[in-house]
Structures are given as structure tokens and as C-alpha cells.
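Chains, contacts and geometry: an overview
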Amino acid sequence: MQDRFAPSDPARGLDVTRNPLVARLVRNRHFQFFLILPNQIVFWAVIFIGILGTTVPGLNFGAAITWYIWFCLVFVMMVVVGRAWCSMCPFGGFGEWVQRHSFWNRSERSVGLGLKFPEPLARIGFLIPVVSFLLLTWLEEFFNIAGPGNPAATSFMVLGIVGSALAFFLVFERRTFCRYICPLTTLIGTVGSMGTVAGFRTRDRDICLTCETKDCMRGGEHGYGCPWYTWPGSADSNLYCGLCSECYKACPHDNVGLYLQKPLTSVVAPNRRRIDVAWGIALLWGLVLYQQVNALSLFGSLDTRLNNAIAFPHYPDPVDYLGIIALLALATAGAAWIVAKLLARRDLDLTTPGTFLERGSRFRTFFAPIAYGLVPVIGADYFARQLPKFFKHSTRLVPAVQHVFGASGTQSKLYTLRLLTNPRIVVVQVSVIALGTLAALWTTWRITNRELVPVSRNGVAIRVVTLGLVLVCGLAAGVLYVLMHAAS
Ligand code: SF4
Ligand code: SF4
Ligand code: SF4
């Protein structure tokens with residue numbers, strides 16, 4: 001019985017629900033509703049104003065708030081907190097309200113078919129959402145949605161996400177969409193592992209061992225069973241805790257708390273590293289580097305040539321989009337494969353049973369820890385990508401709001417104000433990458449010492465190689481930002 005807990009028991013951080021005020025707030029069934037409500041209002045405003053408002057992107061509230069502010073804010077939330085956005089997300093929130101046909105009360109009946117997600121698909125974990133993220137990004141680039149182009153395109157994109165989320169909430173049980181499909185879940189889950197919120201976890205695991213009801217999973221009188229299929233007793237990172245607080249409300253033994261942790265803990269702490277997460281990280285890395293390369297003039301002629309060759313109308317050519325992303329992801333995996341080939345101990349025990357994703361191999365033993373270690377530099381890269389739009393145009397939100405109420409907006413000084421010049425934006429971007437690289441050096445150092453040195457023939461060589469890989473990644477991202485000259 002004890003084995004069920006043994007592999008994953010990272011040091012406990014600070015349980016903020018020990019504070020009576022926080023405890024009262026989190027136990028209140030209105031808590032999550034009031035977190036979601038403001039975003040729900042803003043997102044429906046985005047949808048309606050995007051379609052019905054001005055076609056000038058910088059003056060349209062929907063396009064302005066989404067692309068100049070929202071993306072940046074979500075990244076800050078991911079890096080600082082973790083899945084904070086998921087606790088207030090209007091996409092999942094709307095679907096859940098309909099599925100439960102209740103805004104906050106604990107209802108026994110749910111609307112929809114309540115099917116279980118097919119097990120073979122569930123086993124491939126992060127690979128479906130990462131594909132949906134790649135598809136969404138391609139559509140966004142093809143229709144120039146984030147440019148931003150026509151504001152109505154932003155509305156249709158948001159409607160598409162809300163609509164597909166609702167369909168999944170009506171067909172499948174709980175938050176199947178959030179765990180297995182949502183285009184944002186891989187990014188939030190991986191980059192969010194840098195955050196300081198460990199999520200809701202059990203306080204005393206011995207109590208869980210004798211608990212017969214498992215209300216945190218099955219649902220109890222005061223709370224739903226975990227919508228994310230996470231058992232707070234076994235979570236070893238914040239990867240799949242959507243911070244909905246249902247387990248806290250449901251547990252009849254008051255045995256769940258909301259824990260804070262030191263930054264980067266959920267990158268380093270997991271004992272069971274998942275290969276689907278590792279591939280998700282590699283593909284996300286490929287995507288952000290593709291976007292950086294695409295901002296260089298050199299790339300334009302390659303894309304045009306490929307479009308001419310296959311008679312494709314315009315950027316982004318699907319061949320180079322998928323090809324470059326796959327090549328960059330494979331380069332990360334290839335580096336891990338070479339490291340495993342050269343440095344793995346000959347007598348490694350690789351007999352772990354399971355699916356092809358779980359089975360042990362030299363490659364898996366090295367690839368998963370190496371990929372996890374890169375999370376901070378990849379997170380920094382995604383954040384740095386959002387900065388030009390924020391520094392060049394975020395002040396347009398004020399005239400965009402004024403425009404909704406009939407003012408012309410373009411006469412406002414804020415419409416043309418830039419918070420930073422291009423050279424300064426580049427300095428900030430390179431500084432963000434430098435910080436991310438330092439953080440990745442630290443996580444990789446910790447992970448390598450704990451997981452790779454014991455399985456390597458040469459401890460010094462494995463440290464040099466893994467840290468060197470981080471430096472190469474950080475350097476590549478930093479140099480690309482210099483060459484991009486603050487291109488959005
Ligand atoms: S996983 Fe996606 S839909 Fe679900 S709460 Fe998070 S961002 Fe929203
Ligand atoms: S309901 Fe409470 S005590 Fe029981 S398993 Fe869940 S967290 Fe543990
Ligand atoms: S029920 Fe608990 S473990 Fe599950 S997502 Fe909500 S807060 Fe996290």
C-alpha cells in the first residue's frame with residue numbers, strides 16, 4: 001500500500017489554507033465562479049466587439065486586449081503561479097457551467113453524455129493537445145489573426161475554442177477537454193511547472209490510506225470529484241491541478257491544502273518523468289524557434305519558394321511549418337539519443353513494463369530529464385515573443401475602450417505611444433532569455449545530478465553535455481532576438 005505514495009513525495013511547501021481567511025474563501029462554493037465571471041464577461045465582449053466593432057485592429061477592443069495584453073498576462077501567470085489561468089478560464093468555465101447546469105452549487109446530475117475519454121487516446125497524454133496547439137497556431141498565422149488582422153478573425157478563433165470546449169464538455173465527463181485536448185494545456189502545464197503554486201495536495205497521506213470514500217476523486221456532499229482526474233494524494237507536480245478547489249471542498253477529513261512551493265520545484269521534483277511531456281516540450285521548443293526564424297527575412301524566400309513549388313497560396317507553408325518544427329524537436333531528441341548512446345552505463349536496468357510511452361529505454365532515460373530541464377528557457381522564449389506587441393501597442397487598449405463608447409480613439413496620444421523603443425525591447429528580450437537560461441542551467445544541474453549521473457558512465461561528461469545543451473538553446477534564442485530587431 002505504501003508503494004502507491006513512495007515514488008512521489010516532494011517536500012511540502014507552505015499550506016496557505018491553514019490561514020482561516022484563505023480557508024473560508026476557498027471553501028466557499030462561489031469562489032471559482034467569481035474568478036471565472038470577469039474573464040467570461042471580457043471574452044464575450046471580445047467576441048461581440050470583434051465581430052460588430054471597428055475593423056481597425058488597434059482600435060478594436062477585442063483584438064487589442066487579446067493580442068497586446070492577454071497573452072502577455074497569461075505568460076506572467078504561468079511563470080509565477082502555474083495553472084492560475086485555468087482556475088479562471090472562460091473556455092473551460094463556460095463548458096463546466098453548462099455540463100453541471102449550475103454556476104456554483106454542487107449538483108448531482110450533469111448534462112451531456114458523460115462518456116469516458118478512450119483509454120488509448122488518454123495514454124498518449126500531451127501529444128493530442130500539442131498537436132491542437134500546433135494546428136491553432138498555424139491557423140492563427142495563416143489568417144494573420146494575432147497580427148492582429150481583421151478583429152472578426154480573433155472573435156471566430158475564440159468562438160471556435162469555446163465551441164469545441166463546450167462540445168467536449170457535453171460528450172465527455174468532467175474536464176476531458178482541459179486534460180486531453182485544449183490547445184493551451186501543454187504550454188500552461190509545462191511552463192506552469194516553473195510556478196510557485198504546487199496545487200492542492202493532501203496534508204497527511206496516512207489518512208488517505210485509510211479513507212474509504214475518496215471523495216476528492218469520486219465527489220462528496222460539498223464538492224465534485226476532481227474534474228482533472230488528479231488524485232491530490234499522488235500529485236508530484238502542478239501539471240494537472242487546475243486549482244479548482246473541488247477536492248478541498250469534497251474531502252470529509254479536511255485533509256487537503258493549497259501548497260506554495262519555491263519557483264521551479266515542479267520542474268525538478270517529479271520522480272516519474274513522462275515521455276509524452278518530454279515530446280510536448282521538444283515540440284513547443286520547435287514551434288517557438290520556428291516563429292523566431294520566420295521573423296527573419298531569410299525565411300520569407302524559403303516559404304515563398306515552397307509555396308510556389310506546391311501551389312500553396314501564402315505563408316505559412318505547411319511543409320516548412322511542420323518540417324522545421326519537427327526538425328527542431330527531433331534535434332533536441334537526437335541530442336538526447338546521442339548522449340544516451342555515448343554516456344549511458346552498459347548495465348542499465350531497462351525492464352520497466354508498460355506502453356511504448358512508458359517502457360524503459362536508454363533514449364527515454366536520458367530524453368525525459370533533459371527535456372524537463374529545458375522548460376525555463378523555453379518558457380522564457382515564449383514570454384519574450386509576446387513582449388514587442390506589449391511594449392509597442394498595449395496602451396492602445398485605452399483608446400480601444402474609448403472607441404467602444406463612441407470616441408474616435410486615434411486622436412488619443414495613447415494610440416501611438418510606445419512604452420519602449422525597438423533596441424530597448426531587444427535588451428529586455430535578451431535579458432528574459434538570459435534569466436530563463438540561468439534558471440534552466442539550475443534545473444538541469446539538479447536533474448542531471450539526481451537522475452543522469454547515476455545512470456552515466458562519466459559523471460563529469462554528462463554534466464558538461466546537459467549544461468552545454470542548455471547554453472546552446474539559450475544562445476540560439478538570444479541571437480535570434482537580436483537578429484529579429486523586435487519584430488512582433
Ligand atoms: S486547459 Fe484550456 S480550457 Fe481548460 S482551463 Fe486551462 S486554458 Fe482553459
Ligand atoms: S477524500 Fe481526503 S482523505 Fe480521502 S483520499 Fe481524498 S484527500 Fe485523502
Ligand atoms: S480537484 Fe483538486 S487536484 Fe483536482 S484540479 Fe481541482 S484543485 Fe486540483
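Everything quoted here is computed from the prediction, not taken from an experiment.

Time to look at the layout of surface pockets. Take a probe with the size of a water molecule and roll it over the atoms, and the empty space left behind shows itself. Its volume calculated, the second largest pocket comes out at about 540 Å³. What lines the second largest pocket is a set of 29 residues, and nearest its centre among them are W67, E140, A146, Q291 and K389. If you list the elements that add at least two residues to the lining of the second largest pocket, you get helix 3 (61-80), helix 7 (127-142), helix 8 (151-171), helix 15 (275-294) and helix 19 (375-393). By residue class, the composition of the lining of the second largest pocket is 17 nonpolar, eight polar and four charged. Of the residues that make up the lining of the second largest pocket, three or more belong to each of domain 1 (1-271) and domain 2 (275-484).

Take the domain arrangement of the chain next. Along its sequence, the chain is organised into domain 1 (1-271) and domain 2 (275-484). Measuring from the centre of the C-alpha atoms in domain 1 to the corresponding centre in domain 2 gives 23 Å. Of the residues lining the interface, 43 residues belong to domain 1; the matching set on domain 2 comes to 51 residues. Between domain 1 and domain 2, a total of about 4000 Å² is buried, with carbon and sulfur atoms accounting for 78% of that surface. Three residues stand out in domain 1 for area buried against domain 2, namely L59, Y68 and V268, and they jointly supply 17% of the buried area on that side. Where domain 1 meets domain 2, there are zero salt bridges. Run the count over domain 1 and domain 2 and you get nine residue pairs in polar contact (both at pLDDT 80 or more). By residue number, the principal contributor to the side of domain 1 that touches domain 2 is helix 3, which donates 10 residues. In terms of residue class, the side of domain 1 that touches domain 2 is built from 31 nonpolar, 10 polar and two charged.

Attention now moves to the site of ligand 1. Residues in contact with ligand 1, as listed here, are W85, C86, C89, F91, G92, R175, F177, C178, C182, T185, I188 and W228. Looking at the shell around ligand 1, the elements that each hand over two or more residues are helix 4 (84-87), helix 5 (90-100), helix 9 (176-181) and helix 10 (185-191). For the shell around ligand 1, a count of residues per class yields nine nonpolar, two polar and one charged.

Turning our eyes to something else, we now look at the packing of aromatic side chains. In this description, a pair of aromatic rings is defined by centroid distance and the angle of the planes. This structure, assessed with the given rule, holds 34 aromatic pairs. When the centroid spacing of 5.5 Å and the interplanar angle of 65° are considered together, the rings of W44 and F94 count as edge-to-face. Taken together, the positions of W44 in helix 2 (residues 31-52) and F94 in helix 5 put the pair 50 residues apart, joining distant regions of the chain. Seen in terms of ring centroids, F71 and F75 are 6.1 Å apart; in terms of plane orientation they differ by 40°. Their pairing is tilted. Here F75 and F71 lie together in helix 3, a separation of four residues that amounts to about one turn. Judged by its relative accessible area of 1%, F75 falls in the buried class. Clustering of aromatic rings is evident, with ring pairs tying together F43, W67, W70, F71, F75, W85, F91 and Y382. Sitting over the ring of Y372, R273 keeps its end group 4.6 Å from the ring centre.

Cut-offs used in this document
Sequence order sets the numbering: in each chain, residues are counted from 1 along the sequence as written. The order in which chains are written sets their letters, starting at A; the order in which ligands are written sets their numbers, starting at 1. Local features in a predicted model are, by the rule used here, given only for residues with pLDDT of at least 70; side-chain atom pairs are given and counted only at 80 or more, and totals for whole chains, interfaces and linings are based on all residues. Where side-chain values are given, they derive from all heavy atoms of the structure, hydrogens and water being excluded. Only protein atoms enter the 1 Å grid used here. Points where a 1.4 Å probe fits but cannot escape make up a cavity, open sets with protein on both sides within 12 Å along at least five of seven lines make up a pocket, and a residue lines them when an atom lies within 4 Å of a point. Grid points are joined across faces, edges and corners, and a volume is the space filled by probe spheres set on the points. Only runs of H or I of at least four residues qualify as helices and only runs of E of at least two qualify as strands under DSSP, and these elements are numbered from the N terminus. Note that Gly is not counted as nonpolar here; it falls among the polar residues with everything else outside the nonpolar set of Ala, Val, Leu, Ile, Met, Phe, Trp, Tyr, Cys and Pro and the charged set of Asp, Glu, Lys and Arg. What counts as a domain boundary in this text is fixed by an automatic or database domain assignment. Residue contacts follow a heavy-atom distance rule, with two residues in contact if any of their heavy atoms lie within 4.5 Å. Put simply, buried area is the surface a 1.4 Å probe can reach on two separate parts but cannot reach once they are joined, added for both. Any Lys or Arg side-chain nitrogen located within 4 Å of an Asp or Glu carboxyl oxygen qualifies as a salt bridge. Polar contacts here mean pairs of N or O atoms no more than 3.5 Å apart (in protein, one a potential hydrogen donor and the other a potential acceptor; neighbouring residues in sequence count only if both atoms are side-chain atoms). Each residue is tested against the molecule or strand, and it is near if at least one of its non-hydrogen atoms lies within 4 Å. Aromatic rings from Phe, Tyr and Trp, taking only the six-membered ring of Trp, are treated as a pair when their centres fall within 6.5 Å; an angle between ring planes under 30 degrees marks them as stacked, one over 60 as edge-to-face, and anything in between as tilted. A simple rule labels every residue: compare its accessible area, found with a 1.4 Å probe on the protein chains alone, to the largest value its type can have, and call it buried under 20%, exposed over 50%, or partly exposed in between. In our convention, an over-ring charge means Lys NZ or Arg CZ found within 6 Å of a ring centre and within 35 degrees of that ring's normal.

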